[in-house]
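# Coordinates in review
Now for the letters of each chain:
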Amino acid sequence: MHDMTRILTPIALLSLAVVLSACSSQPAKQPERSARATAGSTTAALKSSPPSTSAFASMQAAAVSSDARYDSNAHFRAVSSAGLQGSRQVTGGDFAGRADVERFIDRMQGKGLDRAELVRIFERTQRDPTIIGYMDKQWRPASGPTGAWTRYRSRHITPAMLDKGSAFWARHAKTLDQASKKYGVPPEYIVAIIGVETRWGGYMGTHRIIDALATLAFDYPRRAEYFQEELAQFLLMAEDQGFDPLQPVGSFAGAMGLGQFMPSSWRDYAVDFDGDGRRDLWNPEDAIGSVAHYFHAHGWEPGAAVVARTSGGAGLPWSTDTGFKTNYSVASLKAKGIQPAVALPDQRQVSLLRLDAAGGLEYWLGFENFYVITRYNNSTYYAMTVHQLAQALRSRRGLNQPTLRMTDQPGSGAFAVPAG
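A few points on the structure. (Residues numbered from 1 in each chain as written. Predicted model: local features only at pLDDT ≥ 70, side-chain atom pairs only at ≥ 80, totals over all residues. Heavy atoms only, no water.)

### Remarks on the packing of aromatic side chains
The tally for this structure, following the rule as stated, stands at 19 aromatic pairs. Judged by centre distance (5.9 Å) and plane angle (45°), the rings of Tyr152 and Tyr381 are tilted. In this pair, Tyr152 is assigned in helix H7 (residues 148-154) and Tyr381 in helix H17 (residues 380-396), connecting sequence segments 229 residues apart. Relative accessible area serves as the criterion here: at 0%, Tyr152 is assigned to the buried category. We classify Tyr381 as buried; its relative accessible area is 7%. For the pair Phe234 and Phe243, a centre-to-centre distance of 6.0 Å together with 55° between the ring planes defines the contact as tilted. Note on Phe243: relative accessible area 1%, which makes it buried. Grouping aromatic residues by their ring pairs yields a cluster made of Tyr189, Phe261, Tyr269, Tyr294, Phe295, Trp300 and Tyr376. The residue whose ring lies beneath Arg279 is Trp266, and the NZ or CZ to ring-centre distance is 4.0 Å. (Phe/Tyr/Trp six-rings, centres within 6.5 Å; stacked < 30°, edge-to-face > 60°. Helix = DSSP H or I, 4+ residues; strand = E, 2+ residues; numbered from the N terminus. Buried < 20%, exposed > 50% of the residue type's maximum accessible area, 1.4 Å probe, protein only. Lys NZ or Arg CZ within 6 Å of the ring centre and 35° of its normal.)

As structure tokens, then:
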């Protein structure tokens, strides 16, 4: 997480510290590159302590008996004594008297939600002006090397992080193996995503989701359409999963759970991996399965390489086009003095990645699986951090680096890629 625009992609999207300090962005939907799938994205967030039990279960427990789901209409009837019964418009709270809110309620009523319950929700929803400040604090690209990659990496790949990640892996090894087999995504990448996003559930956000989404939906014109859709999906999610939408907390952009899914990503990619009938993003088993499914749905290629080192590049100007969206042939990069550390066919298409390391610029080649990681967060630094954390966690568990293939393109081969 980096540029505030990172949070504008549907899915997932990381911790607020990451969002405010990184070097890329995460918009709502990305244009396609060749046959690759469009992105959803997660957003990072802050939460102080990991949940010891399912957040959905605890939310439900406050509203229902052990054998019944939360019923929003019943909840409305329960508060009718407060004078809300029969109310047709929002008359109190931060969103009272707003035509755009009333139009949104009309829209949601058309999707089958109870109008009186929607009025109850919006009369208790609070505008959070600090969120607008977060959104407007845009990252500006550096005009030259500053060592930004070294600083960014050091926040996420540390001995303490490796200890926590290894413990999470050991605790959920069976689920990780099952998700890896089902979706073809190595367990280390699932663990790394959850680690970078929420420190394995320890840092999931402190903003009420309803406040964050409503603030951005109605008071952030630049992305109002996107966030109104996310707000709509969140309310439908609450109805489907049986929880009070006033309860969950997450990132300042409305991302939720261990994997920081946006509501639209929950709709499209979350899975009920533990088979209990709910897609609970706060449940580690469902979160693991959902992250793996997200990667699979966006084109993860089992057994294929993610990146490869290069040598050379000292003479490339800072203005050279780099990043996960670039597309070069290996031959054209060799002509620029970039030499891959592994044998690749000259016609092979790759992205050119530049890392602004403290010891000097590093150039890497990105393959299809690297691009898939950026579908979670549109940032070269984010994706490289996930990759390197994944490799470090794999090594910590004493697992050898696998021999990877170059995809099934003509002339592609298999090779071992240094983690870096």
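Let us keep going from here.
### Some remarks on the side chain of Ser329
With respect to the helices and strands, the residue Ser329 is situated in strand S4 (residues 328-329). The contacts of Ser329, once residues within four sequence positions are left out, are Asp346, Arg348 and Gln349. (Contact = heavy atoms within 4.5 Å.)

### Description of the pattern of salt bridges
Counted under the stated rule, the structure contains 17 salt bridges. For the salt bridge of Arg278 with Asp280, the shortest nitrogen-to-oxygen distance reads 3.4 Å. For the pair Arg278 and Asp280, a shared accessibility class is recorded, and that class is buried. Here the residues in one salt-bridge network are Arg98, Asp100, Arg127 and Asp219, joined through shared partners. (Salt bridge = Lys/Arg side-chain N within 4 Å of Asp/Glu carboxyl O.)

### Observations regarding the environment of Arg120
Secondary-structure assignment places Arg120 in helix H5 (residues 115-123). Distance from Arg120 to Arg88, taken between C-alpha atoms, is 9.8 Å for residues 32 residues apart in sequence.

### Overview of the sheet that holds S4
Taken in spatial order, the 5 strands line up as S4-S6-S7-S3-S5 in an open sheet, and their pairing is antiparallel. Sheet topology places S4 and strand S5 (338-340) at the edges, where each strand pairs with a single neighbour. Relative to S5, strand S3 (residues 307-312) is paired through 3 bridges, and the arrangement is antiparallel. Bridge pairing in S5 places Ser311 opposite Gln339. Most of the contacts of H17 go to strand S6 (residues 349-357), to which it runs at about 90°, and overall it touches S3, S6 and strand S7 (360-366). (Pairing = 2+ DSSP bridges. Axes fitted to C-alpha atoms, helices over the stretch in contact; angles between N-to-C directions.)

### Some words on the pairing of S6
Of all 9 residues making up S6, 8 are buried, and the element is well covered by its neighbours. Where S4 and S6 come together, 2 bridges link them in antiparallel fashion. Along S6, the bridge assignment pairs Ser329 with Gln349. As defined by bridge partners, S6 adjoins S7 across 7 bridges and the pair is classed as antiparallel. The residue of S7 that forms the bridge with Leu353 is Trp364. Linking S6 back to S7 in an antiparallel pair, the connection comprises 2 residues.

### Considerations on the environment of Arg153
One can find Arg153 in helix H7. Judged by relative accessible area, Arg153 falls into the partly exposed class, the value being 26%. Between the C-alpha atoms of Arg153 and Thr385, which are 232 residues apart in sequence, the distance is 6.2 Å. Within polar-contact distance, the side chain of Arg153 engages the side chain of Gln388 at 2.6 Å. (Polar contact = N/O pair within 3.5 Å; in protein donor to acceptor, adjacent residues only side chain to side chain.)

### Comments concerning helix H12 (residues 224-241)
When the terminal C-alpha atoms of H12 are compared, their 25 Å separation across 18 residues agrees well with the 26 Å that a helix rising 1.5 Å per residue should span. Along H12, the residues that are buried comprise Ala224, Tyr226, Phe227, Glu230, Leu231, Ala232, Gln233, Phe234, Leu235, Met237, Ala238 and Gln241. Backbone geometry just downstream of H12 places Gly242 in the positive-phi region, at approximately 80°. (Expected span 1.5 Å × (residues − 1).)

### Observations concerning the environment of Tyr371
On the secondary structure map, Tyr371 appears in helix H16 (residues 368-374). Note: C-alpha distance between Tyr371 and Trp300 (71 residues apart in sequence) is 9.0 Å.

### Examining unusual backbone geometry
Despite not being glycine, Arg199 has its phi angle at roughly 55°, a positive value. Along the chain, the position of Arg199 falls in the loop between helix H10 (187-198) and strand S1 (207-208). Despite not being glycine, Trp200 shows a phi value in the positive range, around 60°. Here Trp200 is to be found in the loop between H10 and S1.

### What to know about the packing of helix H8 (residues 159-171) against H17
Relative orientation of the contacting elements H8 and H17 amounts to 70°, with a least axis distance of 10 Å. Overall, the two elements H8 and H17 adopt an arrangement that is roughly perpendicular. For the pair H8 and H17, the sense of crossing is right-handed. In this structure, H8 contributes Pro159, Met161, Leu162, Asp163, Gly165, Ser166 and Trp169 to the contact, and H17 contributes Leu389, Ala392, Leu393, Arg394 and Arg396. Across the contact of H8 with H17, the residue classes break down as 7 nonpolar, 2 polar and 3 charged. (Parallel < 35°, antiparallel > 145°, perpendicular 65-115°, else oblique. Left-handed = near helix turned anticlockwise from the far one by under 90°. Nonpolar A, V, L, I, M, F, W, Y, C, P; charged D, E, K, R; others polar.)

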